[in-house]
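# Chain and residue survey
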Amino acid sequence: MSAQQLVRRWAWVGTFLVGAGLYLAVLAVLTDTGNPNLFPTMILLGALVVPLTFVTFAAGRSGRWLIDGPTLGGCLLFGGVVGVLVAGLLEYDAMRRLGTLPMVGVGLIEEAAKLVVPAVLVVFFGHRYRTSIGRGIIIGVAVGTGFAVLETMGYAFVALLQSNGNVGAAEQTLFIRGLLSPAGHAAWTGLACWGLWRFVTAPTGRHFAGFLGMYALAVALHSTWDGLGGRITYAVVGAISIGLLLYGLRRAQRAELGQTRREPYADPA
């Protein structure tokens, strides 16, 4: 393993330590001074540290499909914003017309909304991003992470308002949702993009059915998570989600290595 690969593999440790240090520093100053101007910084860092660490961890366990920083950041930002906007609009319209929206409906809408940006990348930039299933999985994880971060920030802000500015209430929300987000939105979108990229790299009826199956699996995991709740549900669904995601990354990496070994040697001269 080269030095660059070693740095990539363990970059998540540095990401977590720096992010956690910054969050604790902001929290300490906020607690000491009571300056409300620090609330947005605390909410942003609290919602971002663990999910960003997970994205770095997943990207470091990829093969040759290293995604550049701007692309990864763009997936986090635009994927999250577009996903939240589309999901919020569709859920609002559905609840207005139907009166209620079951958890399965929420799962269907949110998992579809998070696929908007990956689908755009496939359609308009396919020559660049369609080359590796592993790259698609990482893009899905980044988009799901962006969605989770914005959602967590919203819940933390609401908790802060409802508690009349109690920092502890917002901190608890940030801790629970931030800690669980890698096993939730990030993993589910990664699984859906696993199926999507398998189809776009080899468009067959079997792979299209596989994509629909992976999307249905993401919706089922999402609906179970929201519908049942509780520590046991989070533990079981989270373990399944993370386990399947890591399995997909491992399979993609092995396929990439196998392809590399089969490529004929080309003299650079």
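Residues numbered from 1 in each chain as written. Predicted model: local features only at pLDDT ≥ 70, side-chain atom pairs only at ≥ 80, totals over all residues. Heavy atoms only, no water.

### Let's talk about the state of the cysteines
On inspection of all chains with the given rule, the structure shows 0 disulfides. C75 carries a free sulfur, and the closest cysteine sulfur to it, the one in C193, is 8.8 Å from it. (Disulfide = S-S within 2.5 Å.)

### Section: the packing of helix α2 (residues 39–60) against helix α8 (residues 167–180)
Following both chains from N to C, one finds α2 and α8 inclined at 20 degrees, their axes separated by 8 Å at the closest point. One way to sum up the angle between α2 and α8 is to call them roughly parallel. For the pair α2 and α8, the crossing hand works out as right-handed. In this structure, α2 contributes F39, M42, I43, G46, A47, V50 and P51 to the contact, and α8 contributes V167, A170, L174, G178 and L179. For the contact of α2 with α8, the class distribution of residues is 10 nonpolar, 2 polar and no charged. (Axes fitted to C-alpha atoms, helices over the stretch in contact; angles between N-to-C directions. Helix = DSSP H or I, 4+ residues; strand = E, 2+ residues; numbered from the N terminus. Parallel < 35°, antiparallel > 145°, perpendicular 65-115°, else oblique. Left-handed = near helix turned anticlockwise from the far one by under 90°. Contact = heavy atoms within 4.5 Å. Nonpolar A, V, L, I, M, F, W, Y, C, P; charged D, E, K, R; others polar.)

### Considering a nonpolar patch on the surface
A cluster of nonpolar residues, L77, F78, V81, V84, L85 and L150, forms a patch on the protein surface that exposes about 520 Å² of accessible area. Broken down by element, the residue count for the nonpolar patch peaks at 5 residues, all from helix α3 (residues 69–98). Take V81: it is sitting in helix α3. For V81, a relative accessible area of 32% gives the class partly exposed. (Patch = residues over 30% accessible without salt bridge, like charges linked within 9 Å, V, L, I, M, F, W, Y side chains within 5 Å. Areas by Shrake-Rupley, 256 points an atom, 1.4 Å probe, with all protein chains shown as cover. Salt bridge = Lys/Arg side-chain N within 4 Å of Asp/Glu carboxyl O. Buried < 20%, exposed > 50% of the residue type's maximum accessible area, 1.4 Å probe, protein only.)

### So, the side chain of T189
Tracing the backbone through its elements, the reader meets T189 in helix α9 (residues 185–201). We classify T189 as buried; its relative accessible area is 1%. Setting aside residues no more than four positions away along its own chain, T189 makes contact with E111, K114, G140, V143 and G144.

### Remarks on the confidence of the model for the protein chain
The predicted coordinates should not be examined in detail at positions where pLDDT is low. Mean pLDDT over the protein chain: 84, with 87% of residues reaching 70 or higher. Across residues 263–269 the pLDDT falls below 50, and counting only partners more than four positions away or on other chains, this stretch makes 1 contact in the model. (pLDDT = per-residue confidence, 0-100.)

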